[in-house]
Amino acid sequence: IPGVDETRLPGYLGFVGLISLAANRLTSGSDIGEAQVRSEVIALTMALACMALPSIADALDDATSDQERPKPLPGSEQAFGISESLPDDAKIETAWALSSLLSNANVHRVILTRIDGTAIGARGFFRPELATASGPSLLSSVEDELRSVVGTQGFLESAKEGEILALDRRKIEALGLSTDGLALGDAQSVFVSLRGSVVLWAISDAPQALKRAKDRAWGRLLASKLEGVLPRVELTEDQRKSLVVSDQESRGEGSGRRSASQEGESEGGLAALVKENLALVRAAPLAIGFPGVIALALNRLTGIDQLTEGTTQADIAGFALAITLILSGLIWSDAVQPREPVPVSLLDDSSPVLSVAPAASSPVRAELEWAWRSLADATRCKSLAILTREGEV
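All of these numbers come straight from a predicted model, not from anything done at the bench.

Caption draft 1: Structural view of the sheet that holds strand β3 (residues 119-126). Spatial strand order, β1-β3-β2-β6-β5-β4: six strands in an open sheet with antiparallel pairing. Taken across any chain shown, the strands that pair with only one partner, and hence form the sheet edges, are β1 (77-82) and β4 (163-166). Direction aside, the axes of adjacent strands within the sheet are offset by 10 degrees on average. Inspection of the sheet shows strand β2 (residues 109-114) paired to β3 by five bridges, in the antiparallel sense. Within β3, the position partnered with V110 by the bridge is R123. Contacts from helix α3 (residues 88-104) reach β1, β2, β3 and β6 (198-204), with the element oriented near 30 degrees to β3.

Caption draft 2: Quick peek at the environment of V199. As for its placement among the helices and strands, V199 is situated in strand β6. Note: C-alpha distance between V199 and I111 (88 residues apart in sequence) is 8.3 Å. Not counting chain neighbours up to four residues away, the residues in contact with V199 comprise I111, L112, T113, R114, I115, V192, S193 and L194.

Caption draft 3: Structural view of the pairing of strand β5 (residues 189-195). With respect to burial, β5 is a largely interior element, seven of its seven residues being buried. Of the two faces of β5, the one holding S189, F191, S193 and R195 and the one holding V190, V192 and L194 are both buried throughout. Of the strand pairs in this sheet, β4 and β5 are connected by four bridges, and their pairing is antiparallel. In the strand pairing of β5, I164 is matched with V192. In this sheet, β6 lies alongside β5 in antiparallel orientation, the contact comprising seven bridges. Bridge assignment links V190 to a residue of β6, and that residue is I203. In this structure, the hairpin formed by β5 and β6 is closed by a connection of two residues, where G196 is found at a positive phi of approximately 65 degrees.

Caption draft 4: Spatial organisation of the nonpolar core. If you look at the biggest cluster of nonpolar residues, it comprises 28 residues, and the most contacted ones within it are I111, F155, L177, L184, V190 and W201. Mapped by element, the contributors of at least two residues to this core are β3, α4 (136-150), β4, β5 and β6. Among the elements that make up this core, the one with the highest residue count is α4 (six residues). Beyond its immediate sequence surroundings of up to four residues, V190 is in contact with I164, L165, A166, I172, L177, L184, W201, A202, I203 and L210. I82, A90, L98 and A105 belong to the second largest nonpolar core, which has 22 residues in total.

Caption draft 5: Region of the structure containing empty space enclosed by the protein. Throughout the structure, instances matching the rule amount to one cavity of 30 Å³ or more. Counted as a void, the largest cavity has a volume near 60 Å³. As for the largest cavity, its lining consists of L73, S76, R109, F125, F126, R127, L182, D186, D205 and W370. Here the residues of the lining of the largest cavity are counted per class, giving five nonpolar, one polar and four charged.

Caption draft 6: Representation of the pattern of salt bridges in the model. Counted under the stated rule, the structure contains nine salt bridges. A salt bridge links R25 to E40; its shortest N-O distance comes to 2.6 Å. One end of the pair, R25, is in helix α1 (residues 9-27); the other, E40, is in helix α2 (residues 34-64), with 15 residues separating them in the sequence. By relative accessible area, which is 38% here, R25 ends up partly exposed. Note that E34 and R38 form a salt bridge whose closest N and O atoms lie 3.7 Å from each other. You can see E34 and its partner R38 sitting in helix α2, four residues apart, about one turn around the helix. Classification of R38 as partly exposed rests on a relative accessible area of 33%.

Caption draft 7: Just the packing of aromatic side chains, in detail. Under the definition given, this model contains zero aromatic pairs. The ring of F80 carries R123 above its face, with NZ or CZ at 4.9 Å from the centroid.

Caption draft 8: Representation of a nonpolar patch on the surface within the structure. Taken together, the side chains of F15, I19, L44, L48 and M51 make up a nonpolar region of the molecular surface, amounting to roughly 450 Å² of accessible area. At the level of elements, α1 and α2 are the ones that each hand at least two residues to the nonpolar patch. No other element matches the three residues that α2 contributes to the nonpolar patch. Position of L48 relative to the elements: it lies in helix α2. You can call L48 partly exposed: its relative accessible area is 48%.

Thresholds, definitions, all that
- Residues numbered from 1 in each chain as written.
- Predicted model: local features only at pLDDT ≥ 70, side-chain atom pairs only at ≥ 80, totals over all residues.
- Heavy atoms only, no water.
- Pairing = 2+ DSSP bridges.
- Helix = DSSP H or I, 4+ residues; strand = E, 2+ residues; numbered from the N terminus.
- Axes fitted to C-alpha atoms, helices over the stretch in contact; angles between N-to-C directions.
- Contact = heavy atoms within 4.5 Å.
- Buried < 20%, exposed > 50% of the residue type's maximum accessible area, 1.4 Å probe, protein only.
- Core = buried A, V, L, I, M, F, W, Y, C linked by side-chain atoms within 4.5 Å.
- 1 Å grid on protein atoms, 1.4 Å probe; cavity = no way out; pocket = protein on both sides within 12 Å on 5 of 7 lines; lining within 4 Å.
- Points joined across faces, edges and corners; volume = space filled by probe spheres on them.
- Nonpolar A, V, L, I, M, F, W, Y, C, P; charged D, E, K, R; others polar.
- Salt bridge = Lys/Arg side-chain N within 4 Å of Asp/Glu carboxyl O.
- Phe/Tyr/Trp six-rings, centres within 6.5 Å; stacked < 30°, edge-to-face > 60°.
- Lys NZ or Arg CZ within 6 Å of the ring centre and 35° of its normal.
- Patch = residues over 30% accessible without salt bridge, like charges linked within 9 Å, V, L, I, M, F, W, Y side chains within 5 Å.
- Areas by Shrake-Rupley, 256 points an atom, 1.4 Å probe, with all protein chains shown as cover.

This is the structure:
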């Protein structure tokens, strides 16, 4: 459903079911039979279970994410760079922060900049054209790209709360973070934390990779730490006005919002509980949904002489919620898997060919070769032909 987070859909359905049960109760009058009461109790249990599913799903993802860490794109390799203008102690703290976030969060690369886009440090997996690059060449490449982003009014508007979160490519494009560059060109998840003049970019090439609260808490903590370690720079008047909220939060002055450590601890407690009972948690929706369907059916059969319109409406709501639980349980238990596509075999006498137009420049040739290697490694693509709008190969 466009614009709807599918992981939250069971919760929305549970809320709608709860409202429909309340409306059904109010319109049933005073003559309510035992069969309707039983149906409402069963449906109410289903609704509450559905409303709890999104939170449990987040904890389940948090508990199993270390086992399901997204892999970097094929062909990408690690690169590292840090500004030579920093003092030695600031270099050590920056290098530690970049490495720490890469090790403890589901990110593929971390970039540290000033609010004007000046690169301070970068580390992680980048495209093949930077596979052997490091130091100033890496920083120069990402700096040119990110400066084109942070200088936009859309970025400053989105950053007023002190952070930006985009968990899929559509949201990245909507926030104006989409580029063809090395940092954001392949990005599917982006988390940006602003503390004073420091901007920390946590980027992953997998969608939904940064939805864990613990990952974002790491980013906030490290950005706050670095804001106090790195040499301070003066903000312009426009930057100070636009980022007044984030600057307050970096000093702990924000109101009505938990600190990153508190958020990480509260989420970690539920995640730890779920991790200790993974099998039970995965089976819970099925254990509630199947008995719910059976209970509704038995109640309808045994109370056939008490059936009313209110009972029927409660049964319909209960059955819909029970099916939601059953489908969620099947997904959690990995019982529903996408059908494996059958690979297409090429002719036995075929041979590998890689041909690029002689007129293509070296950067274009490297980009085309990278595109083919990525498609060949990451998909079942066996052939690739790229043509210009004029039809030239």
